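# Fold and contact review
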Amino acid sequence: MSSSRRATRLAGAGLLIVSAGAAVLAAAALGVRAEEQTVTAVPINTFMSVAIGQRVQGLVWRGGMEMQSQVDTFGGLSGLGFTGPDNKLVMVSDRGNFVSGQLLYDEAARPIGLIGVRIEPIQNTKGAELPRAYTRDAEALAVLMRAGQPSAVRVGFENLTRVADFALVDGRPQGAARDVSIPKWLSDTRTNETLEAVCVAPEASPIAGSTLLLTEGIIDDDGQHSAYLLGKNDKGPLSYISGAGTNPTDCAFLPNGDLLVLERGIALLAFQMRLVRIPAAEVKAGAHMQGEVLLQTAGGDIDNMEALAVHQAPDGSTRITLVSDNNFNDWERSLLLEFSLD
């Protein structure tokens with residue numbers, strides 16, 4: 001998007017700023033420590049020329065925002081999960097940080113800001129910061145539940161391909177990594193196109209509790225994206241068939257067990273994306289997954305869309321939240337876009 005178009009959009013939408021003073025007040029209200037970072041939120045009221053509350057392809061547009069911060073560690077957001085009923089969330093950065101906070105909504109249940117933001121280094125199994133760039137490339141995050149409550153987050157990394165769990169304390173990841181065993185063919189593949197998506201099946205799923213690992217650039221003999229299920233009873237390889245010119249970049253399960261897959265690509269110097277829904281019964285070992293497209297678009301309404309999560313908004317609706325990775329570039333944006341099913 002050109003600078004003139006962006007300026008016009010910002011002027012039209014207005015600017016919502018969670019100021020430093022407001023962040024301090026919010027921190028006091030939430031009972032968190034003072035080393036929180038200020039994030040400004042530019043409201044996004046239309047998507048593909050559709051107003052909030054209106055249908056856009058197979059979804060309903062619920063609003064969004066562009067997130068900005070003067071802190072140089074804010075950005076590169078590649079995975080997302082909600083860790084509490086009060087809309088607490090955690091994101092991972094491809095520079096090896098956890099970015100946690102609380103998503104704010106207005107009286108119409110539109111996302112309007114992010115407060116209580118804390119950026120903390122991801123730790124290795126010894127409790128130390130990850131030592132080198134190729135060990136820090138966190139690309140995916142899923143929330144683990146215990147007795148109906150979020151208890152930990154499961155993080156997927158590429159380059160040094162691996163999966164690790166981190167305990168949650170008050171909705172924020174804490175402490176040293178706990179390694180999760182993954183197939184050798186996956187851990188032995190060490191590029192920046194390996195493990196892009198990690199998601200855990202809910203109770204309603206036929207594979208409840210199993211973890212789905214989905215790769216971006218590991219292609220099997222059938223030309224499909226290699227995937228694997230980690231589980232006691234549901235374990236083994238499967239694959240995913242993406243769209244032309246797009247690759248999977250995240251996944252999330254709906255409460256009924258259906259799987260959502262977010263795809264991202266580049267066409268004519270613009271980002272493109274697809275959001276696909278796969279029926280719960282088709283997510284199983286040995287499957288070649290290919291679902292129906294809920295949303296497909298390209299251009300200025302989106303950016304480098306990499307993160308996907310499902311949660312319940314204050315109005316009780318099930319929300320599909322997408323976040324983009326700005327790669328710490330000035331010409332890319334950190335967007336948060338929300339939809340619900342039609």
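In this report, we go over the structure that sits alongside the text.

Rules and cut-offs
- Residues numbered from 1 in each chain as written.
- Predicted model: local features only at pLDDT ≥ 70, side-chain atom pairs only at ≥ 80, totals over all residues.
- Heavy atoms only, no water.
- Helix = DSSP H or I, 4+ residues; strand = E, 2+ residues; numbered from the N terminus.
- Buried < 20%, exposed > 50% of the residue type's maximum accessible area, 1.4 Å probe, protein only.
- Contact = heavy atoms within 4.5 Å.
- Areas by Shrake-Rupley, 256 points an atom, 1.4 Å probe, with all protein chains shown as cover.
- Pairing = 2+ DSSP bridges.
- Axes fitted to C-alpha atoms, helices over the stretch in contact; angles between N-to-C directions.
- Disulfide = S-S within 2.5 Å.
- Core = buried A, V, L, I, M, F, W, Y, C linked by side-chain atoms within 4.5 Å.
- Phe/Tyr/Trp six-rings, centres within 6.5 Å; stacked < 30°, edge-to-face > 60°.

### As for the overall build of the protein
Tallying secondary structure elements over the protein gives three helices and 26 strands in all. In the protein, buried positions account for 54% of the 342 residues. Taking the intrachain contacts of the protein between residues at least 6 apart in sequence as the baseline, contacts between residues at least 24 apart amount to 52%. As presented, the protein carries roughly 14400 Å² of accessible surface, and 49% of it is formed by carbon and sulfur atoms.

### Examining the sheet that holds strand E12 (residues 149-157)
One open sheet holds the four strands; their spatial order is E11-E12-E13-E14, and the pairing between them is antiparallel. What marks the edges here is a single partner per strand, and that holds for strand E11 (138-146) and strand E14 (172-180). The sheet shows a mean angle of 30° between the axes of neighbouring strands, taken without regard to direction. Relative to strand E13 (residues 162-169), E12 is paired through six bridges, and the arrangement is antiparallel. Its bridge partner being in E13, Phe-157 is matched across the sheet by Arg-162.

### Here's the deal with the sheet that holds strand E19 (residues 247-253)
Taken together, four strands build an open sheet; the order of strands is E19-E20-E21-E23 and the sheet is antiparallel. Across the chains shown, the open sheet's two edge strands, defined by having one partner strand only, are E19 and strand E23 (292-298). Adjacent strand axes in the sheet meet at a mean angle of 15°, parallel and antiparallel pairs treated alike. As paired elements, strand E21 (residues 270-278) and E23 share six bridges and run antiparallel to each other. Bridged to Leu-275 within E23 is Leu-295.

### Remarks on the pairing of strand E15 (residues 195-200)
A large share of E15 lies buried, amounting to five of its six residues. As defined by bridge partners, E15 adjoins strand E16 (residues 211-219) across five bridges and the pair is classed as antiparallel. Each bridged residue has a counterpart across the sheet, and for Cys-199 the counterpart in E16 is Leu-212.

### A look at the state of the cysteines
In a disulfide, the sulfur atoms of two cysteines are covalently bonded to one another. One pass over the structure, following the stated rule, counts one disulfide. Across the disulfide, Cys-199 is cross-linked to Cys-251 (sulfur-sulfur distance 2.2 Å). Looking along the S-S bond of the Cys-199-Cys-251 disulfide, the torsion reads about -110°, which is the left-handed sense. Within this pair, whereas Cys-199 is found in strand E15, its partner Cys-251 is found in strand E19, the two being separated by 52 residues in sequence.

### Here we look at the pairing of strand E17 (residues 225-230)
Of all six residues making up E17, six are buried, and the element is well covered by its neighbours. Residues His-225, Ala-227 and Leu-229 point to one face of E17 and Ser-226, Tyr-228 and Leu-230 to the other, with burial holding for every one of them. Relative to E17, E16 runs antiparallel, the two being bridged by five bridges. Within E17, the position partnered with Thr-211 by the bridge is Leu-230.

### Digging into the nonpolar core
Ranked by size, the top nonpolar core spans 23 residues in total, and within it Leu-275 and Phe-339 carry the most contacts. The residues touching Leu-275, leaving out its near neighbours within four places in the chain, are Leu-59, Leu-260, Val-261, Leu-262, Glu-292, Val-293, Leu-294, Leu-295, Leu-308 and Ile-320. One finds Val-39, Phe-82, Val-117 and Ala-307 within the second-largest nonpolar core, a separate group that totals 21 residues.

### Observations concerning the packing of aromatic side chains
To describe a pair of aromatic rings, you give the distance between the ring centres and the angle between the ring planes. Going through the model one piece at a time under the given rule, you end up with four aromatic pairs. Taken together, a centroid distance of 5.3 Å and an interplanar angle of 55° make the contact between Trp-61 and Phe-339 tilted. Linking Trp-61 in strand E6 (residues 59-68) with Phe-339 in strand E26 (residues 334-341), this pair joins segments that are 278 residues apart in sequence. Both residues of the pair, Trp-61 and Phe-339, count as buried. Residues Phe-98 and Phe-166 carry aromatic rings whose centres are separated by 5.1 Å and whose planes lie at 80° to one another, so their mutual orientation is edge-to-face.

Any functional reading would require information beyond the geometric quantities listed.
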